Amino acid sequence: MTDYFVLDEAELRPRYDDYKVLCHAEERFHKVVMFNLLRFHATALQRFDRRQAGEALEDCNLWNEFSNPKSKKKPKTVATAATGEPAPTVKAKRKRGKAKPVISDIKGAFRSYIEKTQKNRCCYCRRWLCNSGYSKPIEHILPRKTYEQYSFHFWNLSVACVDCNSLKKEADWATPDKHGFKAYPLPSNFTEMFHPRFHRFDEHVRFIRVQTNDHSITLYRGITPQGQKLCEDLLTIIAGKEVIVNANAALKSSMETIERFDVKEGSHLESALKSLVGALSERSIDLLNR
Ligand SMILES: [Zn+2]
């Protein structure tokens, strides 16, 4: 028995069922959203089974395939025989509500759902998430490099800020006893690390933020072993990076300009912005480590 909240195992299924009816703002798309998510999940599980059976598989980044599906060639605009008018484009069809959602819509809808459950704050540092999709990446709590089988697992995904996501990268905070299983570990098994979908942040970490006109400083303190580990692995560095950025007027102004960009989900610009913000974040952290 712990003195902090842990999501009850019996709650997993009902909550997932709730998600199925909230997986897209438009009810008519629910089936296609779930079909696509389950299709990717099934592929991840099949790859796990094949690896377990000793098969040497080529590396394949399923999440990238999901995030940046190969664009199909734009069909040429042709005149319809009956009217001589140009045939409706995909965009026009979607406007009329006939087309299915594309993968980027599915990912965006998933992000919106999780964001709401996190009250629009980063799952780790609890800072506000910016409005642009690129600046709030979907975070794999157990990293997909080590746990490919959970790449699309409902309980393994949360939403982080770019700083937390790019700093954590593929770090595996779980103990090795969680390796090599097909089923996702139960909430009660996460005693060594903070799990943003199973735990409540406030019961593990306390923070204080001091903000003036020009600066903001955040101090984090872990109050459980999981909270202390999160501070050690991530939050202390996030707080230090914030100080560095705030102390550099040019860097601060550039970061604010970048954050104001709103780009289309799945577009090339989105991925370029992600790389740029990730690189800036890494450089600031390098400075901190010197
Ligand atoms: Zn964060």
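Definitions and cut-offs
- Residues numbered from 1 in each chain as written.
- Predicted model: local features only at pLDDT ≥ 70, side-chain atom pairs only at ≥ 80, totals over all residues.
- Heavy atoms only, no water.
- Donors = N, O, S within 2.8 Å, 3.2 Å for Na, K, Ca; no water.
- Tetrahedral: all angles 85-135°; square planar, octahedral: opposite > 155°, others 65-115°.
- Buried < 20%, exposed > 50% of the residue type's maximum accessible area, 1.4 Å probe, protein only.
- Helix = DSSP H or I, 4+ residues; strand = E, 2+ residues; numbered from the N terminus.
- Pairing = 2+ DSSP bridges.
- Arc of directions from axis to C-beta.
- Polar contact = N/O pair within 3.5 Å; in protein donor to acceptor, adjacent residues only side chain to side chain.
- Contact = heavy atoms within 4.5 Å.
- Core = buried A, V, L, I, M, F, W, Y, C linked by side-chain atoms within 4.5 Å.
- Phe/Tyr/Trp six-rings, centres within 6.5 Å; stacked < 30°, edge-to-face > 60°.
- Lys NZ or Arg CZ within 6 Å of the ring centre and 35° of its normal.
- pLDDT = per-residue confidence, 0-100.
- Salt bridge = Lys/Arg side-chain N within 4 Å of Asp/Glu carboxyl O.

Participant: I tried to follow the coordination of the zinc ion on my own but got confused; where do I start?
Facilitator: Metal coordination angles in their ideal form are 109.5 degrees for the four-donor tetrahedron and 90 or 180 degrees for the six-donor octahedron. Bound to the zinc ion on the protein side are C122 (SG), C125 (SG), C161 (SG) and C164 (SG), at distances that span 2.3 Å. In this structure, the zinc ion is surrounded by four donor atoms whose angles at the metal cover 105 to 113°, and the resulting shape is tetrahedral. Donor residues for the zinc ion sit on one chain with the sequence pattern C-x2-C-x35-C-x2-C. Accessibility expressed as a relative area gives 0% for C125, which makes it buried.

Participant: Explain the pairing of strand β4 (residues 216-222) to me, please; I cannot follow it from the model alone.
Facilitator: Working note: regular strand, side chains alternate between the two faces of the sheet. Along β4, the buried face is formed by S216, T218, Y220 and G222; none of I217, L219 and R221, which line the opposite face, is buried. Relative to β4, strand β3 (residues 205-211) runs antiparallel, the two sharing seven bridges. Its bridge partner lying in β4, R206 is registered against R221. Connecting the antiparallel pair β3 and β4 is a turn made up of four residues.

Participant: Is there a simple way to think about helix α1 (residues 9-20) in this case?
Facilitator: Given 3.6 residues per helical turn, the α-helix brings residues three or four places apart onto the same face. The set of residues buried in α1 consists of L12, Y16 and Y19. For α1, the arc enclosing every buried residue in end-on projection is 55°, short of the 170-degree limit, so these residues lie on one face. In this structure, α1 carries A10 and R13 as exposed residues pointing more than 90 degrees from its buried face. You can read the cap of α1 off the contacts: a side-chain oxygen lies 2.8 Å from the backbone nitrogen of A10, and it is on D8.

Participant: How should the environment of N156 be read in this particular structure?
Facilitator: Its place among the elements puts N156 in the loop between β1 (138-140) and β2 (157-159). Taking the C-alpha atoms as reference, N156 lies 8.9 Å from H195; in sequence the two are 39 residues apart. If we skip the residues at most four places from it in the chain, N156 touches E139, H140, I141, L142, Y150 and Y184. For N156, the side chain forms a polar contact with the main-chain oxygen of Y150, separated by 3.3 Å.

Participant: Explain the nonpolar core here, please?
Facilitator: Formed by 54 residues in total, the largest nonpolar core has its most connected members in Y19, Y124, C164, L230 and L235. Contributions of two or more residues to this core are made by α1, α2 (30-52), α3 (62-67), α5 (103-117), β2 and α7 (225-247). Not counting residues up to four positions away in its chain, the partners in contact with C164 are C122, Y124, C125, L234 and I238. Listed in part, the five residues of the second largest apolar core include V162, I258, V263 and L273.

Participant: Explain the side chain of H199 here, please?
Facilitator: Structurally, H199 is set in the loop between α6 (162-168) and β3. Assessed through its relative accessible area of 6%, H199 is described here as buried. A distance of 3.4 Å separates a polar side-chain atom of H199 from the backbone oxygen of F190. Ignoring any residue separated from it by four or fewer positions in sequence, one finds H199 in contact with Y4, F5, V6, P187, F190, M193, F194, H204 and Q226.

Participant: Could you clarify how one ought to interpret the packing of aromatic side chains in this entry?
Facilitator: One pass over the full model with this rule turns up 23 aromatic pairs. Seen in terms of ring centroids, F201 and F207 are 6.2 Å apart; in terms of plane orientation they differ by 65°. Their pairing is edge-to-face. Overall, F207 belongs to the partly exposed group, its relative accessible area being 31%. Grouped by ring-pair contacts, the aromatic residues Y16, Y19, F110, Y113, Y147, Y150, F154, W155, Y184, F190 and F198 constitute a single cluster. A cation over an aromatic ring shows up here: R126 above the ring of F201, its NZ or CZ 5.7 Å from the ring centre.

Participant: Sorry, what's going on with the confidence of the model for the chain here?
Facilitator: Close inspection of predicted coordinates is inappropriate for parts of the model with low pLDDT. The share of residues in the chain with pLDDT of 70 or more is 87%, and the mean pLDDT across the chain is 85. β2 holds the highest mean pLDDT among the elements of the chain, 97, whereas helix α4 (residues 90-95) holds the lowest, 49. Segment residues 73-83: pLDDT under 50, and 10 contacts once partners within four positions in sequence are set aside and those in other chains are kept.

Participant: Would you explain the pattern of salt bridges in this entry?
Facilitator: Within this structure, the stated rule accounts for 16 salt bridges. Residue R13 pairs with D17 through a salt bridge whose shortest N-O separation is 3.6 Å. One end of the pair, R13, and the other, D17, are both in helix α1, four residues apart, so they sit about a helical turn from each other. Given the relative accessible area of 51%, R13 is considered exposed.

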